[in-house]
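A structural walkthrough
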Amino acid sequence: MLLADKTVIITGASRGIGRAAARECARQGARVVIGHSGSGQGTEAAYSLIEEIKAFGGQAVEVGGDAADPDTGDKLVAGAVQAFGSVDVFVNNAGICPFHSFLDMPREVYLKTVNTNLNGAYFAVQAAANQMKNQGRGGAIIAVSSISALVGGGMQTHYTPTKAGLHSLMQSCAIALGPYGIRCNSVLPGTIATDINKEDLADEEKLAYMTSRTPLGRLGEPDDVAGPIVFLASDMARYVTGASLLVDGGLFVNLQ
Ligand SMILES: NC(=O)C1=CN([C@@H]2O[C@H](COP(=O)(O)OP(=O)(O)OC[C@H]3O[C@@H](n4cnc5c(N)ncnc54)[C@H](O)[C@@H]3O)[C@@H](O)[C@H]2O)C=CC1
Ligand SMILES: C[C@H](O)[C@@H]1OC(=O)[C@H](O)[C@@H]1O
């Protein structure tokens, strides 16, 4: 098992990519901390994931908290240490993408997106890194960034800078934390069918367009991203830091 004896925290793990990653980490032997919003639905989904994980003999606990709150990272780390005694891997996955045009972007939508996707993540990464440094045996931090860190989106002007920010944060943290043996990398998913884009992709033309642009001929599924996250979390990637891994079915390279 690739993650035996490691404690993994994953934010936004109640559904979508985070849930698939949490399940796969547990299958690979990790003790998993399921970060979720703390709302009724998030809590319920987190408990159902704990049941799923326990059913195949895995270990998991849940910790609720708003990803936009700079204190949530500390809560997640405290929950992990209380339940399992350590933090070995931190996966920053929670995020939102409320599609909206640029010229009339409401300030509150912009600020909520930046606070949820990037500002809270900064302090959560810091909290996890301090815990790993104090443990003295290294660790791995993975940001779920996006293909949108590299290319734009007319309805995502508030979102793409947060994904570029996470990608850049992992590069800088790779330098800052390398001396402690803490590796920092990002995954850059393409279009993965989840709740975040359910409404956008309900438009059949848009769905057909995004599918046709993907060389592998289909949109991604959450499980497609879970494997690359496990790889970067594992000792198989022990000499990989400051890297970013596109998980997009070839979408990025498909110019013509
Ligand atoms: N689905 C896609 O095509 C792509 C998704 N991503 C990124 O993947 C990550 C996961 O998204 P998906 O699984 O696709 O969507 P999703 O909507 O299914 O999952 C998002 C998760 O983040 C949590 N979350 C949102 N706001 C939160 C808050 N304030 N506090 C705590 N938790 C919060 C949600 O509860 C949920 O568990 C996001 O960061 C997204 O930007 C990146 C590239 C492509
Ligand atoms: C929400 C989008 O459909 C999704 O998120 C991203 O980061 C990419 O832009 C995807 O298309």
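Since the structure is predicted, the reported quantities are computational estimates derived from the model, not experimental observations.

1. So, the UniProt feature "domain: Ketoreductase" (unreviewed entry) in the chain
- The positions that UniProt labels "domain: Ketoreductase" (unreviewed entry) are, in the present scheme, residues 6-183.
- The distance from the first to the last C-alpha atom of residues 6-183 is 14 Å, and the span holds 49% helix and 16% strand.

2. Quick look at the sheet that holds strand E4 (residues 89-92)
- The strand order across the open sheet formed by seven strands is E3-E2-E1-E4-E5-E6-E7, and the pairing between neighbours is parallel. Among the strands making up the open sheet, the edge pair consists of strand E3 (59-64) and strand E7 (244-247). For this sheet, the mean inter-axis angle between neighbouring strands, taken without regard to orientation, is 20 degrees.
- Strand direction decides the pairing type here: strand E1 (residues 7-10) and strand E2 (residues 31-36), joined by four bridges, are parallel. Across the sheet, residue Val8 finds its bridge partner in E2, namely Val32.
- Across the sheet, helix H1 (residues 16-27) is in contact with E1, E2 and strand E6 (182-189); its angle to E1 comes to roughly 170 degrees.

3. What to know about the pattern of salt bridges
- Within the structure shown, the criterion is met by eleven salt bridges.
- With a shortest N-O distance of 2.6 Å, Lys206 and Asp200 are connected by a salt bridge.
- Across the pair Arg218 and Asp224 runs a salt bridge, and its minimum N-O distance is 2.8 Å.
- Here the salt bridges do not stand alone but share partners, grouping Arg19, Arg23, Glu52 and Asp223 into one network.

4. Looking at unusual backbone geometry
- The phi torsion at Asp5 lies on the positive side, around 70 degrees, for a residue other than glycine.
- Positionally, Asp5 belongs in the segment before E1.
- With a relative accessible area of 59%, Asp5 lands in the exposed category.

5. Considering the site of ligand 2
- As a matter of local geometry, ligand 2 sits amid Cys97, Phe99, Ser146, Ser148, Gln156, Tyr159, Gly190, Thr191, Ile196 and Asn197.
- In this structure, Thr191 approaches ligand 2 through a side-chain N or O atom, which is 3.0 Å from an oxygen atom.
- Burial of ligand 2 by the surrounding chains reaches 89%, relative to a free accessible area of 290 Å².
- In the shell around ligand 2, the residues fall into four nonpolar, six polar and no charged.

6. Some details on the site of ligand 1
- If you check the shell around ligand 1, you find 27 residues, and the closest are Ala67, Asn93, Tyr159, Ile192 and Thr194.
- Gly95 places a main-chain nitrogen or oxygen 3.5 Å from an oxygen atom of ligand 1.
- Between ligand 1 and the protein, one listed contact pairs an oxygen atom with a side-chain N or O atom of Asn197 at 3.3 Å.
- Surface burial for ligand 1 is 92%, taken as the share of its 820 Å² of free accessible area covered by protein chains.
- Class assignment of the residues belonging to the shell around ligand 1 gives a composition of nine nonpolar, 14 polar and four charged.

Thresholds applied
Sequence positions are assigned chain by chain, starting from 1 and proceeding in written order. Following the order in which they are written, the chains are lettered starting with A and the ligands numbered starting with 1. Confidence filtering applies because this is a predicted model: local features only for residues at pLDDT of at least 70, side-chain atom pairs given and counted only at 80 or more, and all residues used for totals across whole chains, interfaces and linings. Where side-chain values are given, they derive from all heavy atoms of the structure, hydrogens and water being excluded. UniProt positions are given in the numbering used here, feature names are shortened, and annotations may be inferred rather than shown by experiment. Under the scheme used here, helices are H or I runs from DSSP no shorter than 4 residues and strands are E runs no shorter than 2 residues, and both carry numbers assigned from the N terminus. We call two strands paired when DSSP finds no fewer than two bridges between them. Each axis is a line fitted through C-alpha atoms, taken for helices only over the stretch in contact, and angles between the N-to-C directions span 0 to 180 degrees. What makes two residues a contact is simply this: any of their non-hydrogen atoms within 4.5 Å. Criterion for a salt bridge: a side-chain nitrogen of Lys or Arg within 4 Å of a carboxyl oxygen of Asp or Glu. Partly exposed describes any residue whose relative accessible area lies between the buried limit of under 20% and the exposed limit of over 50%, with all areas from a 1.4 Å probe on protein chains only and scaled to the type maximum. Being near a molecule or strand, for a residue, comes down to having at least one heavy atom within 4 Å of it. Residues adjacent in sequence count toward polar contacts only when both atoms are side-chain atoms; beyond that, a polar contact is any pair of N or O atoms within 3.5 Å, and within protein one must be able to donate a hydrogen and the other to accept it. All accessibility values rest on the Shrake-Rupley procedure with a 1.4 Å probe; residue burial counts only the protein chains present in the view. Amino acid classes used here: Ala, Val, Leu, Ile, Met, Phe, Trp, Tyr, Cys and Pro are nonpolar; Asp, Glu, Lys and Arg are charged; the rest, including Gly, are polar.

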